[in-house]
Each structure stands twice: as C-alpha cells, then as structure tokens.
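# Topology and contacts: notes
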Amino acid sequence: MLIILMFVILLITSSCVTISQVKMSKVKWLADNEKSVLVNNFEKRGWIRGTSEEEDWNFFWTSVQTTRCIFNLDSGYRLGDDQLINHFPNHYELTRKDLLVKNIKRYRKELEKENSPLTEKDENCRYMHLDFIPVTYILPADYNIFVEEFRKNPTSTWIMKPNAKARGIGIFLINKLSQLKKWSRDSRQMGHNPKDTYVISKYIDNPHLIGGKKYDLRLYVLVTSYRPLKAFIYQLGFCRFCTVKYNSAVSELDNMFVHLTNVSIQKHGDDYNDKHGGKWTVHNLQMYLEHTHGKEVTDRVFDEINWIIVHSLKAVQGVMASDKHCFECYGYDVIIDENMKPWLIEVNASPSLTSTTAADRIMKYTLIDDVLKVICPNGEIPDARWNKVPPKDSMGHFDLLIDEELAAQDQHENKSRSVSGRLPRTRPQQQWK
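Residues numbered from 1 in each chain as written. Predicted model: local features only at pLDDT ≥ 70, side-chain atom pairs only at ≥ 80, totals over all residues. Heavy atoms only, no water.

### Regarding the sheet that holds strand β2 (residues 48-49)
What counts here: Strands pair, by our definition, only if DSSP identifies at least two bridges between them. Runs of H or I in DSSP of at least four residues are treated as helices and runs of E of at least two as strands, each being numbered from the N terminus.
The parallel open sheet is built from four strands, whose spatial order is β2-β1-β3-β4. Looking at the sheet topology across the chains shown, the edges are occupied by β2 and β4 (84-85). Relative to strand β3 (residues 59-61), strand β1 (residues 28-31) runs parallel, the two being bridged by three bridges. Across the sheet, residue A31 finds its bridge partner in β3, namely W61.

### Concerning the sheet that holds strand β5 (residues 136-139)
Just so we agree on the cut-off: Think of each axis as a best-fit line through the C-alpha atoms, taken over the contacting stretch in the case of a helix, with angles from 0 to 180 degrees between the N-to-C directions. Whether two residues are in contact is decided by their heavy atoms: any pair within 4.5 Å suffices.
With antiparallel pairing, the four strands of this open sheet are ordered in space as β5-β8-β6-β7. Unpaired on one side and paired on the other, β5 and β7 (172-174) mark the two borders of the sheet. For this sheet, the mean inter-axis angle between neighbouring strands, taken without regard to orientation, is 25 degrees. Here three bridges tie strand β6 (residues 158-162) to β7, and the two strands are oriented antiparallel to one another. Across the sheet, W158 pairs through a bridge with I174, a residue of β7. Contacting β5, β6 and β8 (198-202), helix α5 (residues 97-113) runs over the sheet at an angle of about 130 degrees to β5.

### Quick word on the pairing of β5
Basically, it comes down to this: Each residue's exposure class comes from its accessible area (1.4 Å probe, protein chains only) as a fraction of the maximum for that residue type: buried when under 20%, exposed when over 50%, partly exposed otherwise.
Where burial is concerned, the two faces of β5 agree: the one with T136 and I138 and the one with Y137 and L139 are both buried. With four bridges joining them, β5 and β8 adopt antiparallel strand pairing. Opposite Y137, over in β8, you have I200 as the bridge partner.

### Topic: the packing of aromatic side chains
Basically, it comes down to this: What counts as a ring pair is set by centres within 6.5 Å for rings of Phe, Tyr and Trp (its six-membered ring), and what kind of pair is set by the plane angle: stacked under 30 degrees, edge-to-face over 60, tilted for all other angles. We call a charge positioned over a ring when the NZ of a Lys or the CZ of an Arg lies within 6 Å of the ring centre and within 35 degrees of the ring normal.
Using the criterion set out here, one finds 20 aromatic pairs in the structure. Ring plane angle 80 degrees and centroid distance 6.5 Å describe the contact between Y220 and Y234, whose orientation is recorded as edge-to-face. Taken together, the residues span a long stretch of sequence, with Y220 in strand β10 (residues 213-226) and Y234 in strand β11 (residues 229-234) at a distance of 14 residues. Within the aromatic cluster, the residues linked to one another by ring pairs are W29, F42, W47, F59, W61 and F327. We note K121 situated over the ring of Y127; from NZ or CZ to the ring centre the distance is 4.8 Å.

All quantities given are derived from atomic positions and should not be read as evidence of function.
Right, here's the structure in full:
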C-alpha cells in the first residue's frame, strides 16, 4: 500500500512539474505600440503579454528610444539568454543618414588600403563596384566642400534631408546656393538648433519612370548577427509611386507630390488612390521590368540591389555592437535610374507597420510572422546563444542573403575537397567578397 501511495505522489509531482514547464514555456512579450500586425502575431502563437518593463520578459518589440534606455550603462539592465530585442544598441550607425554615408566612405578607404579589387575606379575616378550612394555631404561640417562641388556643375539639383527625421519631414530640393543660404538664415530666425545636421545629396534627376511617375522600392532585410554577418532579404517588398507625373523643371522643385514617394506625403495629394495606396509589389515590378527590359537586365538589377545591401551591412559591421540578444528588420529604400542602375537612398530602423490598404496589412502581418519564424523557431522561448540559419521551409518568405559563418565552413570544405580531388560546391548567395 505504501509503495502504491508513493507511486501516486510521484506521478502527481511529475504531472505538476510537466504542467509548470508548459506554463514556463510560454513566451512573455512586451511591445511599445499596439500595432495589430504585432499583437495578432504574438497572440497567434499563444504568447503571454507582460505587464511592465520591470517584469521578466522574453521578447520585446521596442522603439529605438526604449532600446537606448535598455542598453544605457546607467540603467544597470542585463539581458538574459532567454531575452531578445528588435534593435541593435547602435543601429543608428546604419540608419542615421549622416552616419551611413560616413561608414560607407570609411569602408571604401579600408578596402583601398587592402588593395581590394572592389575599389577599382573608372576614367572619371568613380568607383566601379562601390558607387551605390549618391554624392553626399554633411552640413554644416562639409559646407565648403559642397560649395566647391556645386560650382563644378551649377545646373545640378540637390536634395536636403534632416538626419533625425523620417516620413519625408523637412526634405526639400535646391538648385542654387542662394536657396541654401536662405534656408540657413531662416532656420536661425526660427530658432532651430544650430547643431542639427543635414545631409545634402546629388538628386537622382533621371529616375526610371513607370507611367511617367517616379517610384522607389521598400525592401525588408532581417539581420540576426553582425559578427559573423547573417542577413535575410524578404521577397514581399513593395514599390511606392508618386501621384503626379515626374517633371524635372525648376518650377516643380517645390512640388513634393512629384519628387517624394513617402506615403505620408502622397496620401494628401488629390490623385492619391486609397484602394491600392500607390503601391506595387516587388513581384509586379519584376514582371514589368522583364516585359519592358528583358529578364537578363531585370536579374542584373536585383543582383545589384543585393550587392548594395550586403556591402552597406559590411560597411557598419566593424562598428556595430553585435549583441547576441538583438536582431533587426531594416527597411531599405532604393531608387532605380533610367540606366537601370539602383541607388541606396536610406535605411530605416523602424519601417512603418501602419497599413494603408488591405493588401498592405496582409503583407506586414506576414512580414512579422516570418521574422518571428526565423528568430523564435516554433514559437519557443528564445535562446540568444543560438544563431543558426533555420531550414528553408521555416524561413517563410525570407531568403538567405549572406551567412559568413556558413561561407567560412564552405571555404574550408572546398579546400579539403580540392586536396582530396573532389569538386567544390558553391553557394551563390555567399559570393560577396
């Protein structure tokens, strides 16, 4: 009888432990906002919502401000191996317009010191492989250099952007130095902080047009580690169109409905269509380009876009704090010119999760769903020590863009196979060096 009683107690205790483990296996999440594409994805997985930032949590979708507070040395906060956050501590090295430019310029110089073939230049001293951002200066620091460049080509148009703003706020075009001086004078009179910095870039005044309208691409890139670099590109990006046909005439320089594709601007235009939101899927763009320019040209354009993304990440790799608790889903903005050359315009740390159409809402819900599949496989408690590439069937609509760890393994295997007389294997997505 005593043996039976002990067995029953053991069984009950075992059941309690199992139940406790099940309860403990639920991911506890926090978020800075109530975007339905986030909340619905968390609830779909049966995750439990935390009640405060002080409470134990496993997954935190934060704003960049909250991330800054968490990683502030004065906070004394230390993340556990079961905690993940959606920003790297110094993400701004890639997402601040001025720092992006500085890091790419530094990256070029470092490669030149190494005599890398990537730094090859043409007869006009332009980079043949790393020329993927427009000529850009940082104001006010580079004002004199900019003036010198402007005077070489006084008929050129330039675009001014504040470093710390998004959604097209504070952007304007100039084609005369007097306009820049007037802006500087007006800014002082309006009491703007003189320490605020801007970037001024050569305006791409020959954009590729569709239906006579300018457009750009918004592409999503998921980075799970910078050292080694591991990044994925999303198949379901989109194009944003201007509502007014493009016109490079001086009289239209102030018409942002002609020049800026930001939905936050275009939705206020008379010609805005709230059913399709002035957007195409990237897939639709690919089909259009294949029909009008051929598959070879189209494939080359998207290969170059991948090249741009990889080397922009490599440009910040050395300075980025690659914290194992962090991942980031960036929004890349790219413009294709009439010569079918893509240009990197900027990188966004918190690409908008606001939906403007039903299709937009589905796409962004799917995006978050696929991000979570990669970083929290099977919806389980995250493990910051695990940083592998999930199986293809677990990546949703993400494609592996680069994995330096896997590339190093392949290189080692290829050397071994070469010695043994076997043919090496190759992975196209790894050929970025």
